[in-house]
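Close look at the chain arrangement
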Amino acid sequence: MVERNWAGNIDYGAARFHAPTSVAEVQSIVSAASKVRCVGSRHSFNAIADTTGDLVSLAALPPMVELDTQACTVTVGGGTKYGELATQLHEHGWALANLASLPHISIAGACATATHGSGPGNGNLATAVQAMELVAASGDLVDVSRDDDPELMDAITVGLGAVGIVTRLTLAIEPTFEVAQRVYEHLPMSAAQAHLGDIMSAGYSVSLFTSWKSDEIEQLWIKRRVTPDGGDDVEPRFGAIPASRDVHPIVELSAEPCTEQMGVPGPWHARLPHFRMGFTPSSGEELQSELFVAAANAPGAMKTLVELHDVIAPLLMISEVRAVAADSLWMSPCYQRECIALHFTWLQSWPDVQPVLATMEAALAPFKPRPHWGKLSTLGGDTIRSRVARIDDFEQVVNQWDPEQKFRNAYLDDLFR
């Protein structure tokens, strides 16, 4: 049987596929392999997880959730999905600071690619990682932690699968909280560009959904942490109109898979994602790309995308705009800069999407966007290298950890020298 990613646009080329049931088995596979990679929940849209050798999934490892309430951390297996962890945390009175739009993704895979939610005060998901256990190229188990070696953690937490297979992660947690989510429609595009910073700060997590029309942003999603008095502002925001019913980001689709809206308070894990764990996320048949620009450059980048509307629109299902806080992780697209993430959900036709994406990325070149590591891009390795400040340092660390290039693949070969 051919192994594919979630979207079905990537057929993995691995000679062998493994689903080990113990960490010791992972060690044995890695030790014996000449080329090996780890695949998570398969939500990457490019070949970052692919290999010509052995492909390993951690999904069959025994589930593990270890709470340390004194340290305010939780330790989990690398194959654990956020939705699975979130419900257990909440049952014990704890929470993660933020979640991505999908709860279906694996924790190790999301952190390795700097996957994120939204909010100018919220870093990407990897910023919660306090420690990791990895199977190194030798097959040995290696423990690293922020307490013992913060610089190494900054170097390898967003590791692109290049330094080892992450079998355990320790994440920072906080007391559980509630969130109320409201959706507004028809936000004037002029207001979105002129007041982007204020809009992104209007809630704990904010998303704009747009097809890049010149006159309006179709939807504004504002997720607020519920205050002790339960208050929630229901006034229109920046000229947008409150939605009168639950909506899907892709307006033609049913809102049933979406998390509850209309300002109804609920647990953090049932509001911060856009989609519920038990449903197919997003449309289910799509391609995705994402570019990160410095927050100061975002209005200009948005203006460029509006000017490209006629080029983009025939293939675009929806685009999402989110804010992500600056961080210290070497390979994070938000390394040392607050970013606006420009996300694109495309029709599932790469021959048609590829030239449009290339045109869009070329038009945005003055803003030096950095791509999401797990999504589609036409940017070459040399261009990406010129925009990632610590990539040479990261490559040195990778070469120290994996001198025989066991974890290298075509994706990394293009990225590294």
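Within each chain, residue numbers correspond to sequence positions counted from 1 in written order. Whole-chain, interface and lining totals are the exception, using all residues; otherwise, since this is a predicted model, local features are given only for residues with pLDDT of at least 70 and side-chain atom pairs are given and counted only at 80 or more. Neither water nor hydrogens contribute to the side-chain values; these are computed over all heavy atoms in the structure.

What follows concerns the overall build of the chain. The helix and strand tally for the chain stands at 12 helices and 19 strands. In this setup the radius of gyration rests on C-alpha atoms only. A globule is expected at 2.2 Å times the number of residues raised to 0.38. The C-alpha atoms of the chain give a radius of gyration of 21 Å, which matches the 22 Å a tight globule of 417 residues would have. Taking the principal axes of the C-alpha coordinates as reference, the chain spans close to 60 × 50 × 40 Å. Contact between two residues is taken to exist if any of their heavy atoms lie within 4.5 Å; hydrogens are not considered. Nonlocal contacts in the chain, meaning residues at least 24 apart in sequence, comprise 72% of its contacts between residues at least 6 apart. Accessible surface computed for the chain: about 16100 Å², of which carbon and sulfur atoms make up 50%. Separation of charge centres in the chain, based on 29 positive and 50 negative side chains, amounts to 3 Å. Runs of E in the DSSP output that reach at least two residues are strands. Runs of H or I that reach at least four are helices, and both are numbered from the N terminus. In these tables, accessible area is a Shrake-Rupley quantity obtained with a 1.4 Å probe, and a residue counts as shielded only by the protein chains included in the view. In this count, Lys and Arg are taken as positive residues and Asp and Glu as negative ones, while His and the chain termini are left out. To locate a charge, take atom NZ for lysine, CZ for arginine, CG for aspartate or CD for glutamate.

Moving on, we come to the pattern of salt bridges. By definition here, a salt bridge exists when the distance from a side-chain nitrogen of Lys or Arg to a carboxyl oxygen of Asp or Glu is within 4 Å. Per the stated rule, a full pass over the model turns up 17 salt bridges. Across the pair Asp-11 and Arg-4 runs a salt bridge whose closest N-O atoms are separated by 2.7 Å. The exposure class assigned to Arg-4 is partly exposed, which follows from its relative accessible area of 41%. Between Glu-307 and Lys-303 there is a salt bridge, and its shortest N-O distance comes to 2.7 Å. On the criterion of helical spacing, the pair formed by Glu-307 and Lys-303 is a turn pair, its members being 4 residues apart in helix 7 (residues 298–307). Lys-303 sits in the partly exposed class, given a relative accessible area of 46%. Burial here depends on accessible area, computed with a 1.4 Å probe over protein chains only, as a share of the maximum for the residue type. Under 20% is buried, over 50% is exposed, and the range in between is partly exposed.

So, on to the packing of aromatic side chains. Any Phe, Tyr or Trp ring, taking Trp's six-membered ring, that has another such ring centre within 6.5 Å forms a pair; planes under 30 degrees apart are called stacked, those over 60 apart edge-to-face, and the others tilted. Using the criterion set out here, one finds 6 aromatic pairs in the structure. Judged by centre distance (5.9 Å) and plane angle (70 degrees), the ring pair of Phe-177 and Tyr-204 falls under edge-to-face. Of this pair, Phe-177 sits in the loop between strand 10 (174–175) and strand 11 (178–188) while Tyr-204 sits in the loop between helix 6 (196–200) and strand 12 (205–210), and the two are 27 residues apart along the sequence. Three or more aromatic residues link up through ring pairs in this structure, and these residues are Phe-177, Tyr-204 and Trp-268. It is Arg-225 that lies over the ring of Phe-177; its NZ or CZ is 3.6 Å from the centre. In our convention, an over-ring charge means Lys NZ or Arg CZ found within 6 Å of a ring centre and within 35 degrees of that ring's normal.

Inside soluble globular proteins, nonpolar side chains tend to come together where they are buried. Buried residues of nine kinds, namely Ala, Val, Leu, Ile, Met, Phe, Trp, Tyr and Cys, make up a nonpolar core once their side-chain atoms join them within 4.5 Å. With 101 residues, the main nonpolar core has Ile-156, Leu-208, Trp-212, Trp-268, Trp-346, Met-360 and Trp-373 as its most contacted residues. Not counting chain neighbours up to four residues away, the residues in contact with Ile-156 comprise Met-132, Leu-134, Val-144, Val-163, Val-397 and Trp-401. Membership of the second largest hydrophobic core comes to 12 residues, among which are Ala-33, Val-56, Val-135 and Ile-165.

Taken residue by residue, helix 2 (residues 82–91) has Tyr-82, Gly-83, Leu-85, Ala-86 and Leu-89 as its buried positions. Angular distribution of buried residues about the axis of helix 2 spans 160 degrees; they occupy a single face of the element. Where helix 2 is buried, its residues touch strand 4 (65–68), strand 5 (73–77), strand 6 (94–95), helix 3 (107–112) and strand 9 (165–172). Trailing helix 2 by a residue or two, Gly-93 shows a phi angle of about 85 degrees, which is positive. Taking the helix axis as origin, the arc is that swept by the directions to the C-beta atoms.

Our focus in this paragraph is the sheet that holds strand 5. Strands are labelled as partners when DSSP assigns at least two bridges between them. Across the sheet, 5 strands lie side by side as 4-5-9-7-8; this open sheet has antiparallel pairing. The open sheet is flanked by strand 4 and strand 8 (141–145), the only strands paired with a single partner. Between one strand and the next, the sheet's axes are offset by a mean angle of 15 degrees, whatever the strand orientation. Where strand 7 (residues 129–135) and strand 8 come together, 5 bridges link them in antiparallel fashion. Across the sheet, residue Leu-134 finds its bridge partner in strand 8, namely Val-142. Contacts between helix 1 (residues 23–32) and the sheet are confined to strand 7, strand 8 and strand 9, with strand 7 contributing the most and set at about 60 degrees to the helix. Axis lines are fitted through C-alpha atoms, for helices just across the contact stretch, and the angle between N-to-C directions can take any value from 0 to 180 degrees.

Here the focus is the sheet that holds strand 3 (residues 54–57). Pairing is parallel in the open sheet, where 3 strands are placed in the order 1-3-2. Edge positions in the open sheet fall to strand 1 (16–18) and strand 2 (36–39), since each of these has one partner strand only. Across the sheet, the mean angle from the axis of one strand to that of its neighbour is 25 degrees, orientation sign disregarded. Pairing analysis gives 3 bridges linking strand 1 to strand 3, with the strands arranged parallel. Within the sheet, the bridge partner assigned to Phe-17 lies in strand 3 and is Leu-55.

These figures capture arrangement, not role.
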